[in-house]
Amino acid sequence: DVKVTQSSRYLVKRTGEKVFLECVQDMDHENMFWYRQDPGLGLRLIYFSYDVKMKEKGDIPEGYSVSREKKERFSLILESASTNQTSMYLCASRSDGVSALHFGNGTRLTVT
Amino acid sequence: DQQVKQNSPSLSVQEGRISILNCDYTNSMFDYFLWYKKYPAEGPTFLISISSIKDKNEDGRFTVFLNKSAKHLSLHIVPSQPGDSAVYFCAAESGGSNYKLTFGKGTLLTVNP
């Protein structure tokens, strides 16, 4: 069965902290994504990666960076957390070709 | 600009009746469409998809209809069940997008017993 695992379900950080959100998939998927979900705004793409060490900006990359050193792992980094980054963060992966996107259970991040 | 629009933030139906969730898109390059369901505190789960070469795809109680000329798709759930109560997201992609999906803002479906 397909599995995307996000390391934390809930996280509370202080303004200015550096925050790492980790995501691992066990399906050997080429493509991995980070979205954030906010009420009334739906799912917005932050960054995605289509191969190891490759990354592309999504629709809202400001304030974020990513790292993909291994195929199965995709990390989202908040260099200096701010309160407007309080959100639900969702990692996802999919294979090449016509296929569905598989999501993790999300990390609810609160920045105080 | 919003390329995928779900204009109804919420929908309420009675158990056993049909639920119809709508989605409009503006990008004529979109050629693959998906519906996802999301419960609170969980990640979205894939429901059903449709390619632009089809106008209908059915999977059990779920049917997706695609009207390319109107740039409109809809998800029908028949019969609706209380467990279907969730937020439903419509998503779309074009072939040259590096498999990047564009999502709508979602519709909260409530199925009343």
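Scroll up to find the structure.
All values reported here derive from a predicted model rather than from experimental measurement. (Residues numbered from 1 in each chain as written. Chains lettered and ligands numbered in written order. Predicted model: local features only at pLDDT ≥ 70, side-chain atom pairs only at ≥ 80, totals over all residues. Heavy atoms only, no water.)

A. Inspection of the overall build of chain B at higher detail. Counting its secondary structure elements, chain B contains 0 helices and 11 strands. If you list the helices and strands of chain B from N to C, you get β-β-β-β-β-β-β-β-β-β-β. A compact globule built from 113 residues would reach a C-alpha radius of gyration of about 13 Å, and chain B, at 13 Å, matches this within 12%. With the C-alpha coordinates aligned to their principal axes, the bounding extent of chain B is approximately 45 × 30 × 20 Å. Looking at chain B as a whole, 45% of its 113 residues are labelled buried. Contacts in chain B between residues at least 24 apart in sequence constitute 54% of all its contacts with a sequence separation of at least 6. Just so you have it, chain B exposes about 5300 Å², and 49% of that area is on carbon and sulfur atoms. Considering chain B, the positive charge centre built from 11 side chains and the negative charge centre built from 10 side chains are found 4 Å apart. (Helix = DSSP H or I, 4+ residues; strand = E, 2+ residues; numbered from the N terminus. Rg over C-alpha atoms; globule rule 2.2 N^0.38 Å. Buried < 20%, exposed > 50% of the residue type's maximum accessible area, 1.4 Å probe, protein only. Contact = heavy atoms within 4.5 Å. Areas by Shrake-Rupley, 256 points an atom, 1.4 Å probe, with all protein chains shown as cover. Lys, Arg positive; Asp, Glu negative; His and termini not counted. Charge placed at Lys NZ, Arg CZ, Asp CG, Glu CD.)

B. View of the pattern of salt bridges. Under the defined criterion, the tally for this structure stands at 8 salt bridges over all chains. For R61 of chain B, the salt bridge goes to D84 of chain B, with nearest N and O atoms at 2.8 Å. Linking R61 of chain B in the loop between β6 (56–59) and β7 (62–67) with D84 of chain B in the loop between β8 (72–77) and β9 (86–94), this pair joins segments that are 23 residues apart in sequence. You can call R61 of chain B partly exposed: its relative accessible area is 21%. Overall, D84 of chain B belongs to the buried group, its relative accessible area being 2%. If you follow the salt bridges from partner to partner, you end up with R36, D38 and R44 of chain A in one network. (Salt bridge = Lys/Arg side-chain N within 4 Å of Asp/Glu carboxyl O.)

C. How the structure looks around the interface of chain B and chain A. If you look at the interface, chain B gives 19 residues, while chain A gives 28 residues. In total, chain B and chain A occlude about 1800 Å² of area from one another, counting both sides; carbon and sulfur atoms represent 59% of this. There are 1 salt bridge connecting chain B and chain A. The partner of E93 of chain B in a salt bridge is R94 of chain A, with the nearest N and O atoms 3.0 Å apart. For the pair chain B and chain A, the interface holds 5 residue pairs in polar contact (both at pLDDT 80 or more). Among the secondary structure elements, those contributing two or more residues to the side of chain B that touches chain A are β4 (30–38) and β9 of chain B. The leading source of residues in the side of chain B that touches chain A is β4 of chain B, at 4 residues. Looking at the side of chain B that touches chain A residue by residue, the class counts come to 10 nonpolar, 4 polar and 5 charged. (Buried area = accessible area lost by both parts, 1.4 Å probe. Polar contact = N/O pair within 3.5 Å; in protein donor to acceptor, adjacent residues only side chain to side chain. Nonpolar A, V, L, I, M, F, W, Y, C, P; charged D, E, K, R; others polar.)

D. Structural context of the pairing of strand β6 (residues 42–49) of chain A. All names here are of chain A. For β6, the tally of buried residues reaches 7 of 8 residues, placing the bulk of the element in the interior. The pairing of strand β5 (residues 31–38) with β6 spans 7 bridges and is antiparallel. From the neighbouring strand, F33 faces β6, where its bridge partner is F48. Relative to strand β7 (residues 56–57), β6 runs antiparallel, the two being bridged by 2 bridges. Residue Y47 lies in a different strand from β7, and its bridge partner there is K57. Between β6 and β7, which pair antiparallel and follow one another directly, the connecting turn spans 6 residues, one of which, K53, has a positive phi of 65 degrees. (Pairing = 2+ DSSP bridges.)

E. View of the side chain of Q25 of chain A. Residues and elements named next belong to chain A. Residue position: Q25 is located in strand β4 (residues 23–25). Here the side chain of Q25 touches D28 through a polar contact of 3.1 Å, landing on its backbone nitrogen. Engagement of the side chain of Q25 in a polar contact is seen with the backbone oxygen of H29, the distance being 2.9 Å. Those residues within four positions of Q25 in sequence are excluded, and the remaining contacts are K3, V4, M32, R68, K71, E72 and S93.

In short, geometric facts, not functional conclusions.
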